[in-house]
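Residues per chain are reported as follows:
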Amino acid sequence: MTDRIKNRIQELVRPEIRALKAYHVPDATGLIKLDAMENPYSWPEAVKREWLDTLQQVALNRYPDPDARRLRDRLHAVLGVPPGMELMLGNGSDELIQIILMAVAKPDAVVLAPTPTFAMYEMIATFTGMKFACVPLAPDFSFDMPAMLKAIETHRPAVIFLAWPNNPTGNLFAREDIVRVIEQAPGLVVLDEAYHAFAGESFMDQLGRHDNLLVMRTLSKQGLAGLRLGVLAGPRPWLEEFNKVRLPYNIGVLTQASAEFALAHLALLDEQARQIQAERDRLFNSLNALEGIQAWPSRTNFILFRVEQGDADRVFEGLRQHGVLIKNLNSTGGMLRNCLRVTVGTPAENDSFLRALEACL
């Protein structure tokens, strides 16, 4: 039986899919979880009770609004989407990336991104049968503009993904470099602003000024990771085409109701973002004060750092033994060799991480 299954897999599954490894999410049971860029703060009990009262009114026996019209209208206002621009919602940013690439996946079409960056750009390009071209960042994690422009000219990419700020490096690429890429791109440029709440800058107000620009957001980093809600903003003609690929009812009733409720408490989300930013600055200073650690400034809710004297794998495992889970990027190699990434937690979580890290150095 096993051999017959293996043979059929060989016959039926595309070789590039067989060569992939499934996206791995480590078990964080019993650990301080600082590996996934989540907001560490919960809602006050009174707000939770109000939210649960709201959910009691939801009709689970009915399909959700397939266009999530009320939620889209609310997001349009909250996100500052320019007049005339449209929104499409996805089950997290991952689904939106997949929808975009499914729509443009012609034979030999290319997806381009500077690297290192968000892993799902390359993975979903592979899922959809597209070619992925990467342009290594400069040593300071900025664009290598000559290389970017050459890659655009050579590959004529259908889509360029730019994470802004970038994951896992945490930096904002220079605005003038972004504009230059948009102007030179023959296809779409998708600005992935997943960490907008902590960055303080956006290209949202530029929508409509460039007919090939789309802006993507998520609510995951603002304390709503469990809802899996991504937002794509851009000109109506583009989103009309993407909507043909989007599966119906992709945003469930509980997600729609919960997101509407959360947006009515935007002040709470904003205050939590400010707390995270303050802790980020404290954590950055504390990391750089440790001998043998190089940390990079961040405009996100995480910090990338390198173990300069020693082995990042050993430090990562040592942190796990001390009850702290972060992200190990050492296996990526290149400029991320001996690098680890830590999500900004609560003050107590950050203190526990710093004590554990110091013990592992």
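Above this text is the structure in question.
Below or above, wherever it landed, is the structure these notes cover. (Residues numbered from 1 in each chain as written. Predicted model: local features only at pLDDT ≥ 70, side-chain atom pairs only at ≥ 80, totals over all residues. Heavy atoms only, no water.)

**Let's talk about the overall build of the protein chain**
Looking only at helices and strands, the protein chain features 14 helices and 13 strands. A globule of 361 residues ought to have a C-alpha radius of gyration of about 21 Å, and the protein chain, at 21 Å, matches this closely. Considered along the principal axes of its C-alpha atoms, the protein chain spans approximately 60 × 55 × 55 Å. For the protein chain, the residues scored as buried account for 50% of the 361 residues in total. Surface exposure of the protein chain reaches about 17500 Å², of which carbon and sulfur atoms provide 51%. Positive and negative side-chain charges of the protein chain, numbering 38 and 43 respectively, have mean locations separated by a distance of 4 Å. (Helix = DSSP H or I, 4+ residues; strand = E, 2+ residues; numbered from the N terminus. Rg over C-alpha atoms; globule rule 2.2 N^0.38 Å. Buried < 20%, exposed > 50% of the residue type's maximum accessible area, 1.4 Å probe, protein only. Areas by Shrake-Rupley, 256 points an atom, 1.4 Å probe, with all protein chains shown as cover. Lys, Arg positive; Asp, Glu negative; His and termini not counted. Charge placed at Lys NZ, Arg CZ, Asp CG, Glu CD.)

**Thoughts on the environment of Val189**
Tracing the backbone through its elements, the reader meets Val189 in strand β6 (residues 188–192). For Val189, a relative accessible area of 0% corresponds to the buried category. Taking C-alpha positions, Val189 is 29 Å from Arg274, a pair spaced 85 residues apart along the chain. Ignoring anything within four residues of it in the chain, the contact list for Val189 reads Ile160, Leu162, Val181, Ile182, Asn212, Leu213 and Leu214. (Contact = heavy atoms within 4.5 Å.)

**Structural notes on the pairing of strand β7 (residues 213–218)**
Of all 6 residues in β7, 6 are buried; the element is thus mostly enclosed. Every second residue of β7 is oriented toward a common face, with Leu213, Val215 and Arg217 on one face and Leu214, Met216 and Thr218 on the other, all of them buried. Relative to β7, β6 runs parallel, the two being bridged by 4 bridges. Considered in β7, the bridge of Asp192 is made with Met216. Note that β7 and strand β8 (residues 229–235) share 4 bridges and pair antiparallel. (Pairing = 2+ DSSP bridges.)

**Description of the nonpolar core**
In a soluble, globular protein the nonpolar side chains are often hidden away together inside. By size, the foremost hydrophobic cluster in this structure holds 55 residues, and its most contacted members are Leu75, Phe143, Leu162, Ile178 and Leu191. Setting aside its immediate chain neighbours within four residues, Leu75 contacts Val81, Leu87, Leu89, Leu219, Leu229, Val231 and Leu263. Judged by nonpolar contacts, the second largest core, of 34 residues, contains Tyr195, Leu283, Val307 and Ala356. (Core = buried A, V, L, I, M, F, W, Y, C linked by side-chain atoms within 4.5 Å.)

**Brief notes about the sheet that holds strand β13 (residues 339–343)**
Within the open sheet, the 4 strands sit side by side as β9-β10-β13-β12. Their pairing is antiparallel. On the outer flanks of this sheet lie β9 (293–295) and β12 (327–328), each paired with one strand and no other. In this sheet, β13 lies alongside β12 in antiparallel orientation, the contact comprising 2 bridges. The residue bridging Lys327 from the neighbouring strand is Arg341, located in β13.

**Details of the packing of helix α3 (residues 45–55) against helix α11 (residues 253–263)**
The geometry of α3 relative to α11 is characterised by a closest axis approach of 10 Å and an angle of 140° between their N-to-C directions. On the basis of their axis angle, the class for α3 and α11 is oblique. Viewed along their axes, α3 and α11 form a crossing whose handedness is right-handed. Contacts from Val47, Glu50, Trp51, Thr54 and Leu55 of α3 reach α11 at Leu254, Ala257, Ser258 and Phe261. Class assignment for the residues of the contact of α3 with α11 results in 6 nonpolar, 2 polar and 1 charged. (Axes fitted to C-alpha atoms, helices over the stretch in contact; angles between N-to-C directions. Parallel < 35°, antiparallel > 145°, perpendicular 65-115°, else oblique. Left-handed = near helix turned anticlockwise from the far one by under 90°. Nonpolar A, V, L, I, M, F, W, Y, C, P; charged D, E, K, R; others polar.)

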